[in-house]
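An overview of the molecular structure
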Amino acid sequence: MNVLLLGSGGREHALAWKLAQSDGLDKLFAAPGNPGIADHAECVALDPLDPRAVVAFCTANAVGLVVIGPEGPLVAGVADSLRAAGVAVFGPGRAAAQLEGSKGFTKDLCTRAAIPTAGYARATSREDALAALGGFGLPVVIKADGLAAGKGVVIAESRAEAEAAIADMFAGSFGDAGAEVVIEEFLTGEEASFFAITDGVTVVPFGSAQDHKRVGDGDVGPNTGGMGAYSPAPVLTPALEARAMAEIIAPTVAAMAAAGTPYSGVLYAGLMLTAEGPKLIEYNARFGDPECQVLMMRMEGDLLALLLACAEGRLAGVAAPRFAGTSALTVVMAAHGYPGKPETGGAIQGIKAAEAGGAKVFQAGTALAGAGLAGAGLVASGGRVLNVTATGGTVTEAQARAYRAVDAVDFPSGFCRRDIGWREVAREAGA
Ligand code: AMP
Ligand code: GLY
């Protein structure tokens, strides 16, 4: 079967790498892809946000499955157009992608389905938001309703800070995403990411991970898309995972189906593990980046068969996903300046040397400078550039291997955190 993968980041490189191992794959296309993805796929100049162009490409190239990586095409309704044209697609339609696209939508669904989450209020004007603020203690969480690339969240320690955040959002600092604001009760606990694959009816767990959102060692500095991750997240014990499935994921899938907008694809739940049990912080309608990279390193079996069964509503009939018992850890190498304006064009060398010890370097923001030979002239072209990924019997071992590989990469205009996995490494040292 021919498969089209939409996206161009490290998440998509990991998906391409894993799809390329599937027996059922004839030809993999990626739009737009990147030089790492090009090792496994033909990269095509196709706008992944243009539903008509994507459908036309699939018809012309006998594509049997489209795998959507990022949220942009989901929210643009690319999955809807493909389904209407009879092309199987892994990823939810526009209505179901509101689970990521609108925080207020998800909070209301949680209320209807009695799903544990932080108490909240929605407001569409500054006055309403300020009036609602009185009902919350401190700290309080202020969120832009829409997609804000992970940046539309303020944890306010004082009322003045909360009022300033509200004023900011309604003044348009996050564009349309801030036309509505959600105010939330502050939850305490450790965060974990939990993934489930669903065809709208059947739901199967797809592993756990922990991300590192802040740019600096020790979790300081501005938020990023993620500076590293590891999987599994042992804090999400089998008992807690079972509760998350029963109390959060399953009722969500049932409520989406009951509303006539069944959710099909991967559901990524950001959980807070509170004293009362897991509570939903947010949903994403896609694999996390870089969480996907560590999940793909551990997944056993055929990714294409699983994603196709999901897209065709046949999940109940296929074997549940299986993962290696080892840990996987990925370190993001970013270009100086990230998460602000990254320095692009910096040379990257040493990927082969980094991979010699068994690590895998997934490429995110990379490009080939000039029309050199394959692998030559690789340069940085984005904020997050490489995801250096390794496995080990423990997180400590996976971490040591990943940093050994990081040290073999020659990327003078890049940087990385040196403490990815610190929580688990500390727990393993104390065990
Ligand atoms: P979100 O974009 O909704 O995932 O929020 C970004 C980050 O803000 C989360 O990963 C949490 O660290 C934090 N956060 C969001 N909502 C809450 C909450 N209600 N209580 C505590 N922390 C939160
Ligand atoms: N790493 C966080 C995300 O993909 O949303």
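Preceding this section is the structure that the text describes.
Residues numbered from 1 in each chain as written. Chains lettered and ligands numbered in written order. Predicted model: local features only at pLDDT ≥ 70, side-chain atom pairs only at ≥ 80, totals over all residues. Heavy atoms only, no water.

Right, let's get into the sheet that holds strand β8 (residues 153-156). Taken together, the 4 strands give an open sheet; going across it, the order is β6-β9-β7-β8, and neighbouring strands pair in antiparallel fashion. On the outer flanks of this sheet lie β6 (120-123) and β8, each paired with one strand and no other. The sheet shows a mean angle of 20 degrees between the axes of neighbouring strands, taken without regard to direction. Alignment of strand β7 (residues 140-144) against β8, held across 4 bridges, turns out to be antiparallel. What sits directly across from Val141, in β8, is Ile155. On the sheet, helix α6 (residues 103-112) packs against β6, β7 and β9 (181-185) and is oriented at approximately 135 degrees with respect to β6. Contacts from helix α8 (residues 159-170) reach β6, β7, β8 and β9, with the element oriented near 5 degrees to β7. (Pairing = 2+ DSSP bridges. Helix = DSSP H or I, 4+ residues; strand = E, 2+ residues; numbered from the N terminus. Axes fitted to C-alpha atoms, helices over the stretch in contact; angles between N-to-C directions. Contact = heavy atoms within 4.5 Å.)

Counting residues in each nonpolar core, the largest one holds 46 residues, and the members touching the most others are Leu4, Val66, Leu82, Ile249 and Leu271. Broken down by element, the residue count for this core peaks at 7 residues, all from helix α9 (residues 238-258). If we ignore the near neighbours within four places in the chain, the residues touching Ile249 are Phe194, Ala196, Val203, Ala244, Leu267, Ala269 and Tyr283. By size, the runner-up hydrophobic cluster in this structure holds 41 residues, among which are Leu15, Phe90, Ala229 and Ala311. (Core = buried A, V, L, I, M, F, W, Y, C linked by side-chain atoms within 4.5 Å. Buried < 20%, exposed > 50% of the residue type's maximum accessible area, 1.4 Å probe, protein only.)

Moving on: the sheet that holds strand β3 (residues 42-43). Ordered in space as β3-β2-β1-β4-β5, the 5 strands form an open sheet in which the pairing is parallel. In the strand order of this sheet, the two ends are held by β3 and β5 (88-90), each with one partner. Of the pairings in the sheet, the one linking strand β4 (residues 63-68) to β5 comprises 3 bridges and is parallel in character. Each bridged residue has a counterpart across the sheet, and for Val67 the counterpart in β5 is Phe90. This element, helix α1 (residues 10-19), spans β1 (2-7), β2 (27-32) and β4 of the sheet and lies at about 165 degrees to β1. Set on the sheet, helix α2 (residues 51-60) makes contact with β1, β2 and β4; between it and β1 the angle comes to about 160 degrees.

Okay, empty space enclosed by the protein next. The gaps left among the atoms become clear once a water-sized probe is rolled over them. Under the criterion given, the structure shown has 2 cavities of 30 Å³ or more. Lining of the largest cavity is provided by Leu99, Glu100, Lys103, Thr106, Lys107, Lys143, Glu184, Leu280, Ile281, Glu282 and Tyr283. Counting only elements with at least two residues in the lining of the largest cavity, the list comes to α5 (98-101), α6 and β16 (277-284). Ranked by residue count, the leading element in the lining of the largest cavity is β16, at 4 residues. The residue inventory of the lining of the largest cavity, partitioned by class, reads 4 nonpolar, 1 polar and 6 charged. When its volume is computed, the second largest cavity comes out at roughly 40 Å³. Lining of the second largest cavity is provided by Ile68, Gly69, Leu74, Phe90, Gly91, Pro92, Gly265, Val266, Ala285, Arg286 and Phe287. Residue composition of the lining of the second largest cavity, by class: 7 nonpolar, 3 polar and 1 charged. (1 Å grid on protein atoms, 1.4 Å probe; cavity = no way out; pocket = protein on both sides within 12 Å on 5 of 7 lines; lining within 4 Å. Points joined across faces, edges and corners; volume = space filled by probe spheres on them. Nonpolar A, V, L, I, M, F, W, Y, C, P; charged D, E, K, R; others polar.)

This part takes up unusual backbone geometry. Generally, phi is negative for residues other than glycine and the peptide bonds are trans, each holding for most cases. The linkage connecting Ser231 with the following residue, Pro232, adopts the cis geometry, with an omega of -5 degrees. Secondary-structure assignment places Pro232 in the loop between β14 (228-231) and α9. With omega at 10 degrees, the peptide bond leading from Tyr338 into Pro339 counts as cis. Structurally, Pro339 can be placed in the loop between β19 (327-335) and α12 (351-355). Look at Ala62: it is not a glycine, yet its phi comes out positive at around 50 degrees. With respect to the helices and strands, the residue Ala62 is situated in the loop between α2 and β4. At Ala114, a residue that is not glycine, the phi angle is positive and equals roughly 55 degrees. With respect to the helices and strands, the residue Ala114 is situated in the loop between α6 and β6. Here Ala114 falls in the exposed class, since its relative accessible area comes to 66%.

So, on to the packing of aromatic side chains. In the structure shown here, the tally under the stated rule is 6 aromatic pairs. Look at Phe29 and Phe57: their rings are 5.1 Å apart centre to centre, the planes differ by 85 degrees, and that puts the pair in the edge-to-face class. Of this pair, Phe29 sits in strand β2 while Phe57 sits in helix α2, and the two are 28 residues apart along the sequence. An identical accessibility class is assigned to Phe29 and Phe57; each is buried. On the numbers, 5.7 Å between centres and 50 degrees between planes, the contact of Phe206 with Phe287 is tilted. Remark: Phe287 occurs in the loop between β16 and α10 (291-298) and Phe206 occurs in strand β11 (residues 203-211); sequence separation between them is 81 residues. (Phe/Tyr/Trp six-rings, centres within 6.5 Å; stacked < 30°, edge-to-face > 60°.)

On to the environment of Ala364. With respect to the helices, strands and loops of the structure, Ala364 is situated in the loop between β20 (360-363) and β21 (366-368). Its relative accessible area of 12% is what places Ala364 among the buried residues. Considered as a pair, Ala364 and Pro278 are 86 residues apart in the sequence and their alpha carbons are 32 Å apart. Aside from chain neighbours lying at most four places away, what touches Ala364 is Ser8, Gly9, Gly10, Asn34, Arg384, Val385 and Asn387.

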